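Observations on chain architecture
Now for the letters of each chain:
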Protein chains: 2
Amino acid sequence: MVSKNRTVTIKDVAEEAGVSKSTVSQYLNNRYEYMGLETRERIAEAVDELGYQPNIVARSLKQKTSTTIGVIVANISHEFSTQIVRSIEEYCNESNFHIIVCNAEDDPEKEKKYIEMLRAKQVDGIIVFPTSMNISLYQSLNLEDYPMVFIDRYVPDVKTSSIMLDNKKASHLAVREFVERGYKKIGIVTNSTENNVTPRIERIEGFIEAARVNGLIVKNDFIKGVEIEAIQAELEKMLFRPDPPEALLAGNDLTLFEILKFVKEHKMEIPKDLAVIGIDDVSFASIYDPELTTIGQPTSEMGKKAAELLLKRIKGDEVAFQDIYRFEPFIKRRSSC
Amino acid sequence: MVSKNRTVTIKDVAEEAGVSKSTVSQYLNNRYEYMGLETRERIAEAVDELGYQPNIVARSLKQKTSTTIGVIVANISHEFSTQIVRSIEEYCNESNFHIIVCNAEDDPEKEKKYIEMLRAKQVDGIIVFPTSMNISLYQSLNLEDYPMVFIDRYVPDVKTSSIMLDNKKASHLAVREFVERGYKKIGIVTNSTENNVTPRIERIEGFIEAARVNGLIVKNDFIKGVEIEAIQAELEKMLFRPDPPEALLAGNDLTLFEILKFVKEHKMEIPKDLAVIGIDDVSFASIYDPELTTIGQPTSEMGKKAAELLLKRIKGDEVAFQDIYRFEPFIKRRSSC
DNA sequence: TTGTAGGCGTTATCAG
DNA sequence: CTGATAACGCCTACAA
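A brief look at the structure comes next. Values in this document were obtained by computation on a predicted structure and should not be read as measured data.

What follows is about helix 9 (residues 198-213) of chain A. All names here are of chain A. Taking 1.5 Å as the rise per residue, helix 9 with 16 residues should run 22 Å; its terminal C-alpha atoms sit 22 Å apart, in good agreement. For helix 9, the complete set of buried residues consists of Thr198, Pro199, Arg200, Glu202, Arg203, Ile204, Gly206, Phe207, Ala210 and Ala211. Gly215, located one to two residues past helix 9, shows a positive phi value of around 75 degrees.

In structure tokens, the structure reads:
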């Protein structure tokens, strides 16, 4: 294989093989139905003689498809996000699609810029953890019938398939567990609910609902949705007041982390001084002391489903449109509650 | 802004503004030096009248550059990998580059396939956690002068800039810490060293060296490089023999995980029954009980450096070629040793 | 069964 | 200051 320095194109192959460009193109796209065996061989030879590699950019331009999708993650620092991305990548790889990953950092401006950039790069579709703030942008994408799937979060006024955890159920599972273990004074801590990020809201709603169903009254002070940076202070208020909660549900990995940090710093003991359940089955749950009871999300199924829906839509397979795909959370009973 | 369904091209803008395509192109590329103010305004109007978005694929084809780089991760399940990727993404974003992330799963075939695919997509360069098994492929890329940077691992016969941790130093730090705390019987556990993955080998070498320097004799049985799946069995052998090691260095996050699991299952106490230090400053180190002493890598600097080197090279800025860039590990003294 | 010609959307060159 | 015109590498009618 003589590697010429210049990029070798279809034209070179054609010349080398003594056929025309189109014949080579046919060959490359496996349309050898009407092709002479001999030509076929000559082309094959020329191809690896020259070390020819197709230029996908040129192909994309012509075919208006890039076999690439974009994934815009709201906040990559959640373990959940990387698990989802991994799962999407895995599925795409099987279909020979590539993914471009972008981290919007919960910033609608950044999200918008990324969406525009990805479209400019002609990606065939996008999977978004939506910030919920770019509603008209999402809508205009829909108008154009641009393939898009939401994941983790749901945007009310936008008709786009959304892959979601059954967040209320997640809270229900946790609350029921608390109740079964005899805890009556329970609370929940999540990230800020300000930008109405669906999971947080639904988890809180589910929590309140479940408490009611189980005959518990939850003090408002025991329900906190605040910035990560403010959690320590909130915990201090909540746990050091008279009659504090006995059990706390962490809305996600990051809040769980903050709770554990607090507990540790204040030399409290889990579950004696405070019972804890975390939503998201964090990696260290089973080796933590005590082992952490968690509510897990089926991340791999969720990512796969998102990718599957998107690719099908891209390929034009009619899939029944469904507003929301809810996935079942599962409880991992360990010893923190 | 009337959104036509058809994709709007430079040609449409030109017609709308009553100028030629080339003029529009000039405008779009900020070359208005010689452009009449009035034309400029007309074009600007036309652009958002039509909601024009440039087609980067077409531009790529013409300019032979895609403002995209590929990142091939050897194994995405190490926290380290995702941190590096995040850091690369961050740097690239500032330069308006995008990244395509691929997970080779330590499989040379997959790595090869990805490299070819990325090249076909005309990415401007790649950052690779090399499997070390595709030497001739790496070499041929070098021959073509294709921009590439290695990270985490080093491939002896390939002249490519590599971003590395000073792995020996990492082991030295750990061993010295053990020694200072009075441990004499120490061991190390890493993943399999079979495919001569540099960090693992260097960490073991550094460990042995450091032991010697500190006047310790390390039993061969206390040095293990095995598959993750086999670690539990090895630990059993190592720790339940007469005269077992008092302290263990975990070669990375995954092995640390295995050690902690073992310790937990066998109700051992850290550091009383076994002192532990882990290379990689795992996320839960500070909330674990006991807090975990770790040797951290400056992942964010490392990722940034890799991206910086690659982008500079892509942009044609001459950067002094350097074989290996070594980064300093740091110790986080906590309570597991 | 193979070849010719034209076009995908941009940019670059060079006149005008 | 602006506009033809020709590429970039590939694909696809349609013609031969």
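Our next topic: the protein's contact with DNA strand C. Around DNA strand C, 26 residues are found, and the nearest of them are A:Ser22, A:Tyr34, A:Thr39, B:Ile10 and B:Tyr52. The contact atoms of DNA strand C, taken as those within 4 Å of the protein, divide so that sugar and phosphate hold 68%. A:Thr39 places a polar side-chain atom, nitrogen or oxygen, 2.5 Å from a phosphate oxygen of DNA strand C. Here B:Tyr52 contributes a side-chain N or O atom positioned 2.5 Å from a phosphate oxygen of DNA strand C. For the surface near DNA strand C, the secondary-structure elements that each account for two or more residues are helix 2 (21-28) and helix 4 (56-63) of chain A together with helix 2 (21-28) and helix 4 (56-63) of chain B. Here the surface near DNA strand C takes four residues from helix 4 of chain B, the largest share from any one element. Looking at side-chain class alone, the surface near DNA strand C contains eight nonpolar, 13 polar and five charged residues.

Let's shift gears to the packing of aromatic side chains. Residues and elements named next belong to chain B. Scanning the model with the defined rule gives 12 aromatic pairs over all chains in all. Centroid distance Phe80 to Phe129: 6.3 Å. Interplanar angle 80 degrees. Geometry classified as edge-to-face. Taken together, the residues Phe80 in helix 5 (residues 79-94) and Phe129 in the loop between strand 3 (125-128) and helix 7 (135-143) connect sequence positions 49 residues apart. Residue Phe80 shares its accessibility class with Phe129, and that shared class is buried. A ring pair is formed by Phe284 and Tyr288, whose centres lie 5.9 Å apart and whose planes are at 55 degrees; its orientation type is tilted.

Further remarks concern the relation of the copies chain B and chain A. The two copies are related by a screw operation: chain B maps onto chain A through 180 degrees of rotation and 0.0 Å of translation along the axis, at an RMSD of 0.1 Å. This pairing of chains is accounted for by a two-fold axis. Relative to the rotation axis, the closest C-alpha in chain B is found at B:Ile100, a distance of 2.3 Å. A high fraction, 98%, of the interface residues of chain B reappear at the interface in chain A, so the copies pair face to face through one surface.

A few words on the interface of chain B and chain A. Between chain B and chain A, the residue contacts involve 45 residues of the former and 45 residues of the latter. For the chain B and chain A pair, buried surface summed over both sides reaches about 4300 Å², with 58% attributable to carbon and sulfur atoms. In terms of surface lost to chain A, no three residues of chain B exceed B:His98, B:Lys121 and B:Ile287, which account for 16% of the buried area on that side. The tally of links between chain B and chain A comes to two salt bridges. For the salt bridge of A:Lys264 with B:Asp289, the shortest nitrogen-to-oxygen distance reads 3.6 Å. Linking chain B to chain A there are 19 residue pairs in polar contact (both at pLDDT 80 or more). Of all the secondary structure elements, the ones that give two or more residues to the side of chain B that touches chain A are helix 4, helix 5, strand 2 (98-103), helix 6 (108-120) and helix 11 (253-265) of chain B. With seven residues, helix 6 of chain B is the single largest residue contributor to the side of chain B that touches chain A. Grouping the amino acids of the side of chain B that touches chain A by side-chain chemistry returns 19 nonpolar, 15 polar and 11 charged.

Cut-offs applied
- Residues numbered from 1 in each chain as written.
- Chains lettered and ligands numbered in written order.
- Predicted model: local features only at pLDDT ≥ 70, side-chain atom pairs only at ≥ 80, totals over all residues.
- Heavy atoms only, no water.
- Helix = DSSP H or I, 4+ residues; strand = E, 2+ residues; numbered from the N terminus.
- Expected span 1.5 Å × (residues − 1).
- Buried < 20%, exposed > 50% of the residue type's maximum accessible area, 1.4 Å probe, protein only.
- Near = heavy atom within 4 Å.
- Polar contact = N/O pair within 3.5 Å; in protein donor to acceptor, adjacent residues only side chain to side chain.
- Nonpolar A, V, L, I, M, F, W, Y, C, P; charged D, E, K, R; others polar.
- Phe/Tyr/Trp six-rings, centres within 6.5 Å; stacked < 30°, edge-to-face > 60°.
- Least-squares fit on C-alpha atoms with pLDDT ≥ 70 in both.
- Contact = heavy atoms within 4.5 Å.
- Buried area = accessible area lost by both parts, 1.4 Å probe.
- Salt bridge = Lys/Arg side-chain N within 4 Å of Asp/Glu carboxyl O.

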